[in-house]
Structures are given as structure tokens and as C-alpha cells.
There are 2 protein chains.
Amino acid sequence: MAIDPIRAVDDEARQLARTLLRTVRAAALATLDVETHGTQTRGPFASLVSTANDADGAPIILISRLSGHTANLEADPRCSLLITQTGKGDPLAHPRMTLVATGHPLARDSEAGLRVRRRFLARHPKAQLYVDFPDFAFWCLDIARISLNGGFGKAYEPSPADILTDLTGAEAILAAEDGAIAHMNADHADAARLYATALLGATDGPWRVTGVDPDGIDLALGEQVLRLPFPHRVTTPGDLRATLAERAAAARAK
Amino acid sequence: MAIDPIRAVDDEARQLARTLLRTVRAAALATLDVETHGTQTRGPFASLVSTANDADGAPIILISRLSGHTANLEADPRCSLLITQTGKGDPLAHPRMTLVATGHPLARDSEAGLRVRRRFLARHPKAQLYVDFPDFAFWCLDIARISLNGGFGKAYEPSPADILTDLTGAEAILAAEDGAIAHMNADHADAARLYATALLGATDGPWRVTGVDPDGIDLALGEQVLRLPFPHRVTTPGDLRATLAERAAAARAK
């Protein structure tokens, strides 16, 4: 008697997958090894990459040509990214997610390249030291298949649409992102702090906003990253302001 | 002008690689995906595995047939394991190591199967809950190639012999391992604690010995794992006793 170990995707699973996706700073990348010896086909190769997200949530990685994974992706762009949430006790008791994907490099001075550079540096300020080295490049991963594991016996297979953010009609939000982030961090640092502590249970500190999109905002403090999802999808700067104010009021009421 | 980014392997690199290898609890496994759709060849798949080490240091993993990686390994045993040491700041500033390997399953009741089960449970006591489920099996990874990165600009390619423990002539140590561990934990718990705090800089607590081999001992406290390397290779129970006593004396003298 075979029991299907895969559960139906519900809101809780979707939210877990979105949070894992949007809070990743480092992940394991699997590529096909160009250095595979003695075999006809290329074998798997696992390496560490630092990661952030494009506005729709797609993972972006900053990789060097001095590392094997760049040559591997250039020869075959198929890859897989493992995102884990570590913690105490049995490693298998914690959530993790495998993305099966195809990578594509982003031209440094393209609109996407500049947007991704800004979003990546907001999450990894120390990468400023090497982001412009000629051997480094940003790659974006197009997700084909997802395997989510929320802990023992909690396996799901969400679709890319379950975890990515629909950007349709949200051009005004994306265009205003830079200004919205600067405004929040300069004039509403108290609100960012409240989102982190009162709504997301984090310890207090100078939390800053690092990303804004139709589904929520990203917050960071040192190496900690948090995701504040919005109660509804936001596509205009007016609704963004109202939603951020409503979330701050909800936080104050706690 | 091409500069070779790979440094010559020295004692420090060898020690770092051995410590990473021997203290791993969870790692990212890259396999070739049997579910790859729409392509002629199998793509890469990254997943989380919990890990321990056989007596020579070879990684052992405990995996379930309900997870995709088992089917992947059964179809093609080539794999790669990423071992990382996480910490504060830039993810790329911390040591990590990629092993390119081939997996082989261990028969449950074979001598190797029983030894590996004991060593795995010493590192992961909570795995007792599921280790004997029929869908779970131990696999051992035979290392073919190693890529060690000690942080920015510190890339090395140690050989398997650089990081594995030579067991030649050490049969008496391996046969005595069970008894030596029980004796240490029952009668010399103070020594295990001293090794951890005085020699390895860990915080105090009821550290216990979980493994003994010719090159050193493994220590654990909850989810923390430490490696105490011996100053010289040990092959007899007499030398083991003397070396453990000498290490305790060195710890007390600190």
C-alpha cells in the first residue's frame, strides 16, 4: 500500500515557502560539474552561494569566475538551490526547500542588473567590497520545480506561482522602491523596528527596510533577515503608504 | 595573466578540512535528479541530509526512500556534499568544503552497517526515533575530489588522503571504541569537559565523547560537535589511554 508522502499545498505551507525564499542569505547550489573525471556525463557539484531576491522573489546569486560553479552554469545552466532554516536539535526537524531551476546571467548595466545589484547590496552590505570585481556576476534563477519540507512528514510541492510575487500592474511600486526604502529608513525607523519586534517576534535593534514589493517588505539587522508579508496585495504607492501605516498601528496595538 | 587561485595544501588547511569533515551534523547533498523533465540528461538536485562519519572520517548519511535523493542515488551514485561552517557577517567569509563523491548503501546488519549506526546515533541521539524505519538506510560517501574554501582567497584542493584517517594497523582501537567511549563518559566525564573548554575553547557543559579513532576523538553537547585531534597517530589501546591522559594534563595546565 503506497501512501503519497506529499501533502496538498495550503496557506501555511505557501507562507512558509515564501518566508524561506525571501529571507535567504546563503544557500547550497547544485550544478553539473565540468571537472567530472572518468565518466561520460557530468556529475553533481554542491557549493555555497550568497543569495538575495529579485522583486518577484526569484533567487539571485553573486558568483565569481574563480569558483567552479560559474564554469558549471556557463556550460549547463540547470541548477538546484537548497534553502535551509537551521536551529536546535535534529537537523531534519527544521524547514528547508529545494528549488530546481535554470540560471541566467544578468548584464551588469542592464535595468535588471542594476536593480538586482541594489537589492543584493541591501541584504549584503559587505559585498560592496567585491561586487564590482570583474570576475563577479549576478545570476538569476528561474524556478521550475519546488520541494518544500516543513519538518518530519510535512512535504509539499508548491508551484512557482505559489511562492513568487505577481508583479503585474505593480510597476509604480517597483519604480518607487528606492525612494520608499530611503524614506522608511530615514523617517520611520521606529516603524521598521516595531514590525520586527511586535509583528515578527524578533529582538529589538536598528532594523532597516531592505526591499519593498507588492506582497511585503524585507527587513535586515546585521546577518538577520525578516519578511513582513502584507495582508493583501499592494500595487500603488498610495496603498503602500496606507498598508505600512496600518501594519505600524497593528504593531503598536500589540 | 592567469593567476592560479588554488593554494598549496599546508597543515593549517589540512586541519581545517579535517575539522569541517569530522564536526558535520547536516550538509547539502547534490545528486542527479531522476525527475528532470524535458531534458535528455538528468539535472542537479540539492537536498538536506543529516550526517556523521565512519571511523576513517568518510561521511555517512541516513536517508529515506520517501525523499527524492534516495531514488537519485540508486539511479546514479555520484553525488557531492557541501559542508559549511556558518557564522556572523558575510556568508562567503566562512569556511566550507565541497566533496565530490560516490555513495554506496550499507546493509543494515553488516559489520559496517552496525558500526555506522552506532557512530551516527552517538552524534544524533534523536535519530533513534526513526533510524530503524524500513524506508531509512545508511549510505557511505567515497570521496573522490575535495574543494576547500577557508574564506575569501583561501581555496585549496586537498586529496582524500589529506583529510581521511589511515586505519592501517589500528584494528585494536576500532575494536575497543565502544568500551573506550563508555569508560570515558562514565569515569572521565571531567576530562571530556576539560578537552572541550580548555583545549577547544567551548563553553562548559556535560560534554560527552561520541567517537574515537587513530587521529582523535569526537565530542558532543546537544547540537554542538567538536573534534579533538591527537598530537600523533594512535593505534593501540595503551597509547590511546596515555594520549587521553596527556591531553587531560595539558588541559589542566592551561
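Residues numbered from 1 in each chain as written. Chains lettered and ligands numbered in written order. Predicted model: local features only at pLDDT ≥ 70, side-chain atom pairs only at ≥ 80, totals over all residues. Heavy atoms only, no water.

1. So, the confidence of the model for chain A
Here is the rule: Per residue, pLDDT captures the predictor's confidence, and it can take any value from 0 to 100.
Residue-level pLDDT values for chain A average 93, and 96% of them are 70 or greater. Our summary of model confidence lists the complex with pTM equal to 0.94 and ipTM equal to 0.93.

2. Let's talk about the relation of the copies chain A and chain B
Just so we agree on the cut-off: The atoms used to superpose the copies are C-alpha atoms, taken from residues with pLDDT of at least 70 in both, and the fit is least squares. Any pair of residues with heavy atoms lying within 4.5 Å of one another is described as a contacting pair.
Rotating chain A by 180 degrees and moving it 0.0 Å along the rotation axis overlays it on chain B with an RMSD of 0.0 Å. One copy is carried onto the other by what is essentially a two-fold rotation axis. A symmetric contact is evident, with 100% of the interface residues of chain A recurring at the interface of chain B.

3. Examining the interface of chain A and chain B
In many reports, interface size means the accessible area that the parts give up when they come together. The condition that has to hold: Accessible area, probed at 1.4 Å, shrinks when two parts are joined; the buried area is that loss added up over both. The salt bridge definition used is simple: a Lys or Arg side-chain nitrogen within 4 Å of an Asp or Glu carboxyl oxygen. Pairs of N or O atoms are called polar contacts if they sit within 3.5 Å, as long as, within protein, a hydrogen donor faces a hydrogen acceptor (for residues adjacent in sequence, only side-chain-to-side-chain pairs). Only DSSP runs of H or I covering at least 4 residues are called helices, and only runs of E covering at least 2 are called strands; the numbering of each starts at the N terminus. Under the scheme applied, nonpolar residues are Ala, Val, Leu, Ile, Met, Phe, Trp, Tyr, Cys and Pro; charged residues are Asp, Glu, Lys and Arg; polar residues are all the others, including Gly.
Contacts between the two partners involve 43 residues from chain A, matched on the other side by 43 residues from chain B. With both chains or domains summed, chain A and chain B bury close to 3600 Å², and 63% of this area falls on carbon and sulfur atoms. When the area that chain A buries against chain B is broken down by residue, the three leading residues are A:Pro44, A:Leu48 and A:Arg78, summing to 18%. Where chain A packs against chain B, one counts two salt bridges. Taken together, the connections running from chain A to chain B amount to 10 residue pairs in polar contact (both at pLDDT 80 or more). The set of elements that each furnish at least two residues to the side of chain A that touches chain B consists of strand S2 (26-32), strand S3 (44-53), strand S5 (78-84) and strand S6 (96-105) of chain A. Here the side of chain A that touches chain B is built from residues that sort into 19 nonpolar, 13 polar and 11 charged.

4. Quick word on the sheet that holds strand S9 (residues 208-213) of chain A
Residues and elements named next belong to chain A. This is how it is decided: When DSSP finds two or more bridges between two strands, those strands count as paired. A fitted line through C-alpha atoms serves as each axis, taken over the contacting stretch for helices, and the angle formed by two N-to-C directions is quoted from 0 to 180°.
Across the sheet, three strands lie side by side as S9-S10-S11; this open sheet has antiparallel pairing. The outermost strands of the open sheet, each flanked by one partner alone, are S9 and strand S11 (224-229). Sheet twist, expressed as the mean angle between neighbouring strand axes with direction ignored, is 20 degrees. Alignment of strand S10 (residues 216-221) against S11, held across six bridges, turns out to be antiparallel. Residue pairing in the sheet places leucine 221 in a bridge with glutamine 224 of S11.

5. Focus: helix H7 (residues 237-252) of chain A
All names here are of chain A. So the rule is basically this: An expected span of 1.5 Å times one less than the residue number is assigned to each helix. Burial classes: relative accessible area under 20% of the type maximum marks a residue as buried, over 50% as exposed, and values in between as partly exposed (1.4 Å probe, protein chains only). The directions from the helix axis to the C-beta atoms form the arc being described.
Compared with the 22 Å implied by 1.5 Å per residue over 16 residues, the 23 Å span of H7 between its first and last C-alpha is a close match. For H7, every residue scored as buried is listed here: Leu240, Thr243, Leu244, Arg247, Ala248 and Ala251. Taken down its axis, H7 places every buried residue within 135 degrees of arc, on the same side. Away from its buried face, by an angle of more than 90 degrees, H7 presents the exposed residues Arg241 and Arg252. Against helix H5 (171-187), helix H6 (189-199), S9, S10 and S11 lie the buried residues of H7.

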